[in-house]
Amino acid sequence: MTEPNTRPKDLIMRRRTLLTMLTAMFLCCLAACFLTSSNLDPVDYVDPNIGGAGHILQPTVPVVQLPNSMVRLAPLRTPEVLDKYLAPKIYEFPLNITSHRIADAFAIMPTSGPVSVNRKAVASEYDHSLETATPYYYSVLLESFDINTEYTVTEHSEYFRFSFARPGESNILLRAHKKGMLEAIGDRQVRGYEDDLNVRYYFFAEFDTPFMSKGTALGDVITPGSGKVEGEMNTLYVSYNAPGPLTVGARIGLSYISLDQAERNVKTEIHGWEFDVVRDRAREMWNRTLGKIRVEGGTEKQRRIFYTALYRSHERMVDISEEGKYYSGFDNQIHDDGGHDFYVDDWLWDTYRSLHSLQLLLDPDKKLNMIRSYVRMFEQGGWIPSFPLLRGDHPCMIGNHSASMITDAYLKGLRDFDVEKAYEGLKKNAMEATMLPWANGPMTELDKVYLEKGFLPALPPGKNEWVKEVHSFERRQSVAVTLEHSYDDWCLAQLAQALGKNDDHAYFMKRALNYRTMYDSRTGFMSPKTADGKWIEPFDPKLSGGQGGRAYFAECNSWTYTWSVQHDVQGLMNLMGGRERFIERLNQLFNEGLNTDKFFFIGQFPDATALNGQFAMGDEPSFHIPYLYNYAGAPWRTQKILRQLMDVWFDDDPLGICGDEDGGAMSSWYVFNAMGFYPVTPGMPVYNIGSPIFEKVTLSLGNGKEFIVEAKDVSAKNKYIQSATLNGDPLNKPWFEHATIANGGKLVLVMGPRPNKAWGSRPEDAPPSMSAPEETRQDF
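Asker: I would appreciate a short explanation of the overall build of the chain in the present structure.
Answerer: Looking only at helices and strands, one finds 18 helices and 36 strands in the chain. The C-alpha radius of gyration computed for the chain amounts to 29 Å, which stays within 12% of the reference 28 Å derived for 780 residues, consistent with globular compactness. In terms of principal-axis extent, the alpha carbons of the chain reach across some 100 × 85 × 50 Å. Here the chain holds 780 residues, and the buried ones make up 61% of them.

This is the structure we're talking about:
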């Protein structure tokens, strides 16, 4: 009779025991997840394969590099496949990447079996599940040969480790794709050089295991036993023959100065054959650099996106000083660096917008050396460059944006450089250099129209281009050139004023208003004019201008470029008729349809990726536009659209970058906006406030101080600022000055699910502009 009574009790006890066990297991798992997350270092969040499949144009590659250092490594995957993450084969491992595309350069490739030097024949299949990609180390199994390939880096050298699984013949190929020389020295060393335009690339390689045989090839013709080869498309191979698995280490020094310097670089930086020591040093350097920004809260995904973006923000510029000397492509000479490292590889049209401002916050001493490098380039080449590469200036895009970068740094307190020489170069660019897209040299007849009438003239309809300096594909970009130079002239005016050059200040301030000449009050859009001042008609602000809008714009259309007045947002607002009309126009931008098939629109504007209406998150001229609501009394709209842009267009997978990365431009935009502020107008030492995604962000400033952004109650839903304090004082405006945080500070934002439309809404709360609100609209 007791059994019926005891069974329920036993069942209850068993259920309670099971529930207790499940609860304990759940808590243990939760604790483990928490500990795993909290124990990750910043570098552990980085995934270099984010962005490896481009939305339309260039994808990223998994670069291994020390922050802003000379040596950059990434595998060369199937050249015909643009989206490198999806490429089926690895062709070789270039010994350095000198631009955003992995071009033909010195390369190394291990193989197994009989020697072949044919590039396609030795390309190997691989699998991303058998790959490890980090900022400091890369490993992949070359499945076609069963060879695990690893590498890590120092400042001027690299360390490869090849693990051959198959017994028998194992080979390591060294290739020079352009004119060059390769030479074996003894049974453990190989050296060589390769010429590319005006630069000679040197390398010195040493193996930890003596090779048993060697040979060379010109093209695909092999000469066994040969130890030296010269010419184009040449290869030198070394071979081993082991009865079982074999691991070979190769340490390689690079130089732009000499073969001897390449050898010194590797022997100075890599002592002995301890691969793990070199890798761990590289990891620590990245961790220290990325740790300058510490984030709390947010999701694992957001931290992966954030720290990967911060990693990408430290690829450029690149320090090419070698033991106190450097080769300059601006005069083809070797110089003493005077104790200040020399930097190259900067894409100013992209990077002036946010990358340089971010780097200035995190490492002002390094930023000073970058600016000093620009001054040296002017002294050596006669102009301040627009896209300074290793080989010299690459005339690319438009604008005199070095004026923005240098002025921004000077007004934020960086003074230890020859500012008078810098100003001399900037003024020479503004007064004597052509403004034409993708062109260097003196002014043309079109530039003279700009000086006389305040705008670059468009090509009249039906006319063939007669100005020989105009690029056949890039065309005149007349509206974009006028708008961007108006901003650059404003920057130059600010620097002139700071240096007491009052006449120059007045002159360039007048030129800073040239953007008004492009505003057609009949349509409300920035529009092109011919040299006689007549508007181009008919004109469609969405589709006119041909491929990429290039007859009038740079990569995009008037819907984007109409807002390209960072220095005088209030002046643009005045032209449009005031705050309400300005907000209406912004709302329309983010919701305006294409009025054509999407494939047709993207075909004409391939850079305009990640479209919200006519707003293109994937192209740099759009970067500042979401913040323009701050100027019109509607900061809550800035907060709303920024969250949407970050949530929709940035991810932690190969499609995670919504446009061209462009030398750190896209990534630095995300870093700033995830933290909750942004430099809308470089050259004006203020930051606009957006909507942070982390509970707390701590920036270690270069002077040992910290700037903290704390977002109370922040979440995916709580995106709107309810109130704010800066350094303990109430803050009722959506911006703050650089000076208030330069020596450390704390911005506290209280967040909520619904907008506080009163916060930052008064006219006097608006960020500063060149013009005052009461200035009346003027038609030109």
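Asker: Can you walk me through the packing of aromatic side chains in this structure?
Answerer: What characterises a pair of aromatic rings is the spacing of the ring centres plus the angle enclosed by the ring planes. Taken as a whole, this structure holds 43 aromatic pairs when the rule is applied. Here the aromatic rings of Phe-306 and Phe-694 are separated by 5.3 Å at their centres, their planes lie at 80°, and the arrangement is edge-to-face. One end of the pair, Phe-306, is in helix 4 (residues 300–312); the other, Phe-694, is in the loop between strand 30 (686–689) and strand 31 (696–700), with 388 residues separating them in the sequence. Overall, the relative accessible area of 0% leaves Phe-306 in the buried class.

Asker: Looking at this model, I keep getting lost on the sheet that holds strand 6 (residues 137–142). Mind explaining?
Answerer: Pairing between the strands of a sheet comes from backbone hydrogen bonds, and it takes one of two forms, parallel or antiparallel. Judged by pairing direction, the sheet is antiparallel, and its nine strands sit side by side in the order 5-6-7-8-17-12-11-10-15 without closing on themselves. Each edge of the sheet is formed by a strand with only one pairing partner; in this case those strands are strand 5 (131–133) and strand 15 (228–231). Across this sheet, the average inter-strand angle for adjacent strands is 15°, counted without regard to direction. Alignment of strand 7 (residues 147–153) against strand 8 (residues 157–164), held across seven bridges, turns out to be antiparallel. The residue bridging Thr-152 from the neighbouring strand is Tyr-159, located in strand 8. Along the sheet, helix 3 (residues 275–290) makes contact with strand 6, strand 7 and strand 8, crossing strand 7 at roughly 50°.

Asker: Explanation requested: the nonpolar core in the structure shown.
Answerer: Counting 235 residues, the largest nonpolar core has Ile-293 and Met-617 as its most contacted members. Ignoring any residue separated from it by four or fewer positions in sequence, one finds Ile-293 in contact with Phe-306, Tyr-307, Leu-310, Leu-358, Leu-362, Val-671, Met-675, Val-697, Thr-698 and Leu-699. The next biggest cluster of nonpolar side chains, apart from the first, holds seven residues, and it includes Phe-601, Phe-605, Ala-608 and Ala-616.

Asker: What exactly am I supposed to notice about the sheet that holds strand 33 (residues 720–726) here?
Answerer: Strand order in the open sheet formed by six strands is 18-31-32-36-33-34, with mixed pairing between adjacent strands. Two strands in the sheet have a free side with no partner beyond their single neighbour: strand 18 (293–296) and strand 34 (729–730). In this sheet, strand 32 (residues 706–712) lies alongside strand 31 in antiparallel orientation, the contact comprising five bridges. For Ser-700, the partnering residue across the bridge sits in strand 32 and is Glu-706. Against the sheet, helix 6 (residues 355–362) engages strand 18 and strand 31, with an angle of about 75° to strand 31.

Asker: What exactly am I supposed to notice about the environment of Val-697 here?
Answerer: Within the fold, Val-697 resides in strand 31. Taking C-alpha positions, Val-697 is 47 Å from Met-443, a pair spaced 254 residues apart along the chain. Leaving out residues up to four positions away in the same chain, Val-697 has contacts with Ile-293, Arg-294, Val-295, Met-675, Phe-707, Ile-708 and Val-709.

Asker: Just checking my understanding: could you explain the pairing of strand 32 for this structure?
Answerer: Every other side chain in a regular strand lies on the same face of the sheet, so the side chains alternate between the two faces. As consecutive antiparallel partners, strand 31 and strand 32 are separated by five residues, and within that stretch Gly-704 has a phi angle of approximately 90°, a positive value. Bridge count between strand 32 and strand 36 (residues 745–752): six bridges; the pairing is parallel. Among the inter-strand pairings, Ala-711 is bridged to a residue of strand 36, identified as Leu-749.

Asker: Can you help me understand the pattern of salt bridges in this one?
Answerer: Pairs can form between side chains of opposite charge whenever their charged atoms are close. In this structure the tally under the stated criterion is 42 salt bridges. The closest approach of N and O atoms between Arg-522 and Glu-537, which form a salt bridge, is 2.9 Å. Taken as a pair, Arg-522 in the loop between strand 25 (519–520) and strand 26 (525–526) and Glu-537 in the loop between strand 26 and helix 13 (558–561) lie far apart in primary sequence, 15 residues in all. Across this residue pair, the class does not change: Arg-522 and Glu-537 are exposed. Look at the salt bridges and you will find they share partners, linking Arg-72, Arg-312, Glu-315, Arg-316 and Asp-345 into a network.

Asker: What is the right way to read helix 10 (residues 445–453) from this model?
Answerer: Given 3.6 residues per turn, any residue in an α-helix points the same way as the ones three and four places further on. The complete set of buried residues in helix 10 reads Leu-446, Asp-447, Val-449 and Tyr-450. Buried residues of helix 10, viewed axially, fall in a sector of 150°; they line one side. Of the surrounding elements, those touching the buried residues of helix 10 are helix 11 (478–498) and helix 12 (502–511). Gly-454, located one to two residues past helix 10, shows a positive phi value of around 90°.

About the thresholds
Residues numbered from 1 in each chain as written. Predicted model: local features only at pLDDT ≥ 70, side-chain atom pairs only at ≥ 80, totals over all residues. Heavy atoms only, no water. Helix = DSSP H or I, 4+ residues; strand = E, 2+ residues; numbered from the N terminus. Rg over C-alpha atoms; globule rule 2.2 N^0.38 Å. Buried < 20%, exposed > 50% of the residue type's maximum accessible area, 1.4 Å probe, protein only. Phe/Tyr/Trp six-rings, centres within 6.5 Å; stacked < 30°, edge-to-face > 60°. Pairing = 2+ DSSP bridges. Axes fitted to C-alpha atoms, helices over the stretch in contact; angles between N-to-C directions. Contact = heavy atoms within 4.5 Å. Core = buried A, V, L, I, M, F, W, Y, C linked by side-chain atoms within 4.5 Å. Salt bridge = Lys/Arg side-chain N within 4 Å of Asp/Glu carboxyl O. Arc of directions from axis to C-beta.

These figures come from the coordinates and say nothing about function on their own.
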